[in-house]
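A structural walkthrough
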Amino acid sequence: MNVTLDSREIIRHPGTPAPQPWTMARGTAKTLQVTLPKGAVLMQAVAEAMDAAGAESGVIEVEGLVIGPYRFVGPGPSSDGLHAAWYSPPRGGDRARITDGTAIVGRRDGAWWLHCHAVWQDGDTAWCGHLLPDEVTLAEEATVTLHMITGAVFDVSMNEETRFPIFHPTRGRDTGNAVLAKLAPHKDITEAVEEIAAAAGFARARVLGIGSLIGAVFHQGTPMASPISEVLILPGATTGAETHLPMHCVDPDDAQFRGAMVRGKGPACVTFELMLIEI
């Protein structure tokens, strides 16, 4: 992909462009450790953990989970004449260990739902993709980090621009140490993170999130040319005097890319879901 092209020339969504490049809802975040039991289905285990914590939404760092059997999809081109991107056919495995992973947890039709992008090792192969929460079994008990939030909620609704049902930040309070945010297509991820932190009044913030990008250029490492991808922000991402956004990306050919984003070189494809926590 020629990264000098405007992203709207590369990806064209079927609906009316969003009036705002991002939306956010503010709340109060607390970080705690939760244990997910062996043999449980990922979605059910997370739902029980969220209820027990009294969370309204949250982000879970799932690295270290041993899963299997499991199913996932990767990014893929659309063939329906409507959507600008789609998913690969589902694939799976018997047992794997997640090395990096983030699950955004919110509500869909009133019930708990999660959106998880991860990197995992299955035998000699490293995979990256979108885990299907109702089709992932926990092969071992695991303790994971939950960044829970009250006062703001990620809720699934149909997105007018992309025609995908996706998480949108809802509710929100006037005060709090964290925000949930969603990017509209074509908004640069680094610029958005900086704007969201400034709008929240955070001098420094930790950044967590997942989404998709129309190509990605890194300070070091091979750039991702594909306009269709699945992406997760890696640990250590922050914004403040400088913004540091390490990413892991996978394209429709299962090629993987990793590095710290260059500002202005990572426009969102379908969405990007974020949590910023003041530090």
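I will try to describe carefully the structure that is included in this document.

Definitions and cut-offs
- Residues numbered from 1 in each chain as written.
- Predicted model: local features only at pLDDT ≥ 70, side-chain atom pairs only at ≥ 80, totals over all residues.
- Heavy atoms only, no water.
- Helix = DSSP H or I, 4+ residues; strand = E, 2+ residues; numbered from the N terminus.
- Rg over C-alpha atoms; globule rule 2.2 N^0.38 Å.
- Buried < 20%, exposed > 50% of the residue type's maximum accessible area, 1.4 Å probe, protein only.
- Phe/Tyr/Trp six-rings, centres within 6.5 Å; stacked < 30°, edge-to-face > 60°.
- Lys NZ or Arg CZ within 6 Å of the ring centre and 35° of its normal.
- Salt bridge = Lys/Arg side-chain N within 4 Å of Asp/Glu carboxyl O.
- Expected span 1.5 Å × (residues − 1).
- Arc of directions from axis to C-beta.
- Contact = heavy atoms within 4.5 Å.
- Polar contact = N/O pair within 3.5 Å; in protein donor to acceptor, adjacent residues only side chain to side chain.
- Lys, Arg positive; Asp, Glu negative; His and termini not counted.
- Pairing = 2+ DSSP bridges.
- Core = buried A, V, L, I, M, F, W, Y, C linked by side-chain atoms within 4.5 Å.

**Brief notes about the overall build of the protein**
For the protein, the count of helices and strands is three helices and 19 strands. Taking 279 residues into account, the globule formula puts the C-alpha radius of gyration at 19 Å, and the protein, at 17 Å, falls close to it. Dimensions of the protein, computed from C-alpha atoms along their principal axes, come out at roughly 50 × 45 × 35 Å. Here the protein holds 279 residues, and the buried ones make up 56% of them.

**Things to note about unusual backbone geometry**
Cis geometry is adopted by the peptide bond preceding Pro69, which originates at Gly68 and carries an omega value of -5 degrees. Its place among the elements puts Pro69 in strand E3 (residues 66-73). Even without being glycine, Arg171 reaches a positive phi, approximately 60 degrees. Along the polypeptide, Arg171 turns up in strand E12 (residues 165-171). In the Ramachandran plot, Asp254 falls in the positive-phi region, its phi being about 70 degrees despite a non-glycine side chain. Inspection of the secondary structure puts Asp254 in the loop between strand E17 (246-250) and strand E18 (256-260).

**Here we look at the packing of aromatic side chains**
Under the criterion given, the structure shown has eight aromatic pairs. When the centroid spacing of 6.4 Å and the interplanar angle of 85 degrees are considered together, the rings of Tyr87 and Phe164 count as edge-to-face. Placement of Tyr87 in strand E5 (residues 86-87) and of Phe164 in the loop between strand E11 (152-158) and E12 is noted, with a sequence separation of 77 residues between them. Tyr87 sits in the partly exposed class, given a relative accessible area of 32%. A network of ring pairs unites the aromatic residues Tyr70, Phe72, Trp120 and Trp127 as a single cluster. Sitting over the ring of Trp112, Arg107 keeps its end group 3.7 Å from the ring centre.

**A look at the pattern of salt bridges**
One pass over the full model with this rule turns up 11 salt bridges. For the salt bridge of Asp254 with Arg91, the shortest nitrogen-to-oxygen distance reads 2.9 Å. Separated by 163 residues along the polypeptide, Asp254 in the loop between E17 and E18 and Arg91 in strand E6 (residues 91-93) bring together distant segments of the chain. Asp254 gets classed as partly exposed once you look at its relative accessible area, which sits at 27%. Taken together, the shared-partner salt bridges in this structure form one network comprising Lys187, Glu191, Glu194, Glu195 and Arg263.

**What to know about helix H3 (residues 189-200)**
Here H3 spans 16 Å end to end across 12 residues, near enough to the 16 Å set by a 1.5 Å rise per residue. Along H3, the positions that sit buried rather than exposed are Ile189, Thr190, Ala192, Val193, Ile196, Ala197 and Ala200. Seen along its axis, H3 keeps its buried residues to an arc of 165 degrees; they face one direction. Buried residues along H3 sit against strand E1 (22-36), strand E13 (178-183), strand E14 (205-213), strand E16 (238-239), E17 and strand E19 (268-278). The opening residue of H3 is Asp188, an N-cap whose side-chain oxygen sits 3.2 Å from the backbone nitrogen of Thr190. The positive-phi residue at the C-terminal boundary of H3 is Gly201, with phi of around 80 degrees.

**Concerning the side chain of Glu161**
Among the secondary structure elements, Glu161 is positioned in the loop between E11 and E12. Here Glu161 sits buried without a salt bridge, and the closest side chain of opposite charge, Arg8, lies 4.1 Å off (N-O distance). Among all residues touching Glu161, those that are not within four sequence positions of it are Arg8, His13, Pro14, Gly15, Thr16, Pro17, Ala18, Ala184, Pro185 and His186.

**Structural notes on the pairing of E17**
Where a strand is regular, its side chains alternate between the two sheet faces. Counting buried residues along E17, five of its five residues qualify, which places the element largely inside the surrounding structure. Taking every second residue as pointing to the same face, both faces of E17 are buried, with Pro246, His248 and Val250 on one and Met247 and Cys249 on the other. Inspection of the sheet shows strand E15 (residues 230-233) paired to E17 by four bridges, in the antiparallel sense. When the sheet's bridge partners are listed, Leu232 is paired in E17 with His248.

**Considerations on the nonpolar core**
By size, the foremost hydrophobic cluster in this structure holds 54 residues, and its most contacted members are Leu36, Leu65, Ile67 and Leu131. Contacts of Ile67, omitting those with residues within four sequence positions, involve Asp94, Arg95, Ala96, Ile98, Leu131, Val136, Thr137, Leu138 and Ala139. Trp22, Val179, Leu245 and Leu274 belong to the second largest nonpolar core, which has 29 residues in total.

**Overview of the environment of Gly151**
Here Gly151 lies in the loop between strand E10 (142-150) and E11. Distance from Gly151 to Glu140, taken between C-alpha atoms, is 33 Å for residues 11 residues apart in sequence.

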